[in-house]
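Single-letter residue listing:
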Amino acid sequence: QVQLVESGGGLVQPGESLRLSCAASRSIASINLMSWYRQAPGKERELVASITSGSITTYADSVKGRFDISRDNAKNTVYLQMSSLKPEDTAVYYCNARINWAGSLYDYWGQGTQVTVSS
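Here's what I pulled together on the structure shown here. These numbers were taken from a predicted model, which means no experiment stands behind them.

### So, the pairing of strand 4 (residues 33-39)
Most of strand 4 sits inside the fold, with five of its seven residues counted as buried. As judged from the six bridges shared by strand 4 and strand 5 (residues 46-52), these two strands associate in the antiparallel manner. What sits directly across from Tyr37, in strand 5, is Leu47. Hairpin connection from strand 4 to strand 5: six residues lie between these consecutive antiparallel strands, with Gly42 at a positive phi of about 80 degrees. For strand 4 and strand 9 (residues 91-101), the ladder comprises seven bridges, and the chain directions are antiparallel.

### A word on the environment of Ala102
When you line up the elements, Ala102 lands in the loop between strand 9 and strand 10 (104-109). When the C-alpha atoms of Ala102 and Val2 are compared, they prove to be 16 Å apart, with 100 residues separating the residues in sequence.

### A few points about the nonpolar core
Among the nonpolar cores identified, the biggest contains 32 residues, and Leu4, Met34, Trp36, Leu80 and Tyr93 are the most heavily contacted of them. Broken down by secondary-structure element, the contributors of at least two residues to this core are strand 3 (18-24), strand 4, strand 5, strand 7 (67-72), strand 8 (77-82), strand 9 and strand 11 (113-117).

### Some thoughts on the state of the cysteines
One pass over the full model with this rule turns up one disulfide. Between the sulfur of Cys22 and that of Cys95 lies a disulfide, 2.0 Å long from S to S. On the sign convention where negative means left-handed, the S-S torsion of about -80 degrees between Cys22 and Cys95 marks this disulfide as left-handed. Placement of the pair is Cys22 in strand 3 and Cys95 in strand 9, with a sequence separation of 73 residues. Both residues of the pair, Cys22 and Cys95, belong to the buried class.

### Focus: the environment of Ala91
By the element assignment, Ala91 lies in strand 9. Ala91 sits in the buried class, given a relative accessible area of 2%. C-alpha separation for the pair Ala91 and Pro41, spaced 50 residues apart in sequence, amounts to 7.3 Å. In this view, Ala91 contacts Arg38, Gln39, Ala40, Thr113, Gln114 and Val115; residues no more than four positions away in its chain are not counted.

### A few points about the sheet that holds strand 1 (residues 4-7)
Two modes of strand pairing occur in sheets, parallel and antiparallel, and in both the strands are linked by backbone hydrogen bonds. As summarised here, the arrangement of the four strands in space is 1-3-8-7, forming an open sheet in which the pairing is antiparallel. Where the open sheet ends on each side, the last strands, each with one partner, are strand 1 and strand 7. Direction aside, the axes of adjacent strands within the sheet are offset by 15 degrees on average. Note that strand 7 and strand 8 share six bridges and pair antiparallel. Opposite Ser70, over in strand 8, you have Tyr79 as the bridge partner.

Scoring rules and cut-offs
Residues numbered from 1 in each chain as written. Predicted model: local features only at pLDDT ≥ 70, side-chain atom pairs only at ≥ 80, totals over all residues. Heavy atoms only, no water. Buried < 20%, exposed > 50% of the residue type's maximum accessible area, 1.4 Å probe, protein only. Helix = DSSP H or I, 4+ residues; strand = E, 2+ residues; numbered from the N terminus. Pairing = 2+ DSSP bridges. Core = buried A, V, L, I, M, F, W, Y, C linked by side-chain atoms within 4.5 Å. Disulfide = S-S within 2.5 Å. Contact = heavy atoms within 4.5 Å. Axes fitted to C-alpha atoms, helices over the stretch in contact; angles between N-to-C directions.

Purely geometric stuff here, so don't read any function into it on its own.
Have a look at this one:
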């Protein structure tokens, strides 16, 4: 059981950087998998990056080398450092926590934060 709040989105020009934050309502140390998803208008929600409790990371091909996901358990926060932003990165970015409880998987979502990359 966790509530997630994203922040850090905004309007930037191509090539610039943003850091998104996902603040959790409780310790994230026990959450095995936290992820960032994004959804652009007219497109399906897609996985951008994931990080396990052991700091193993996974990235979508479209963001490899540009985005970096990290977690700070002491602050109950997951970050997405976004650099070399492109117009196609424009989307609402959502934080996700996947929790295994009583043999079932549960997904928790934040409200999303808008990222717009435009000149």
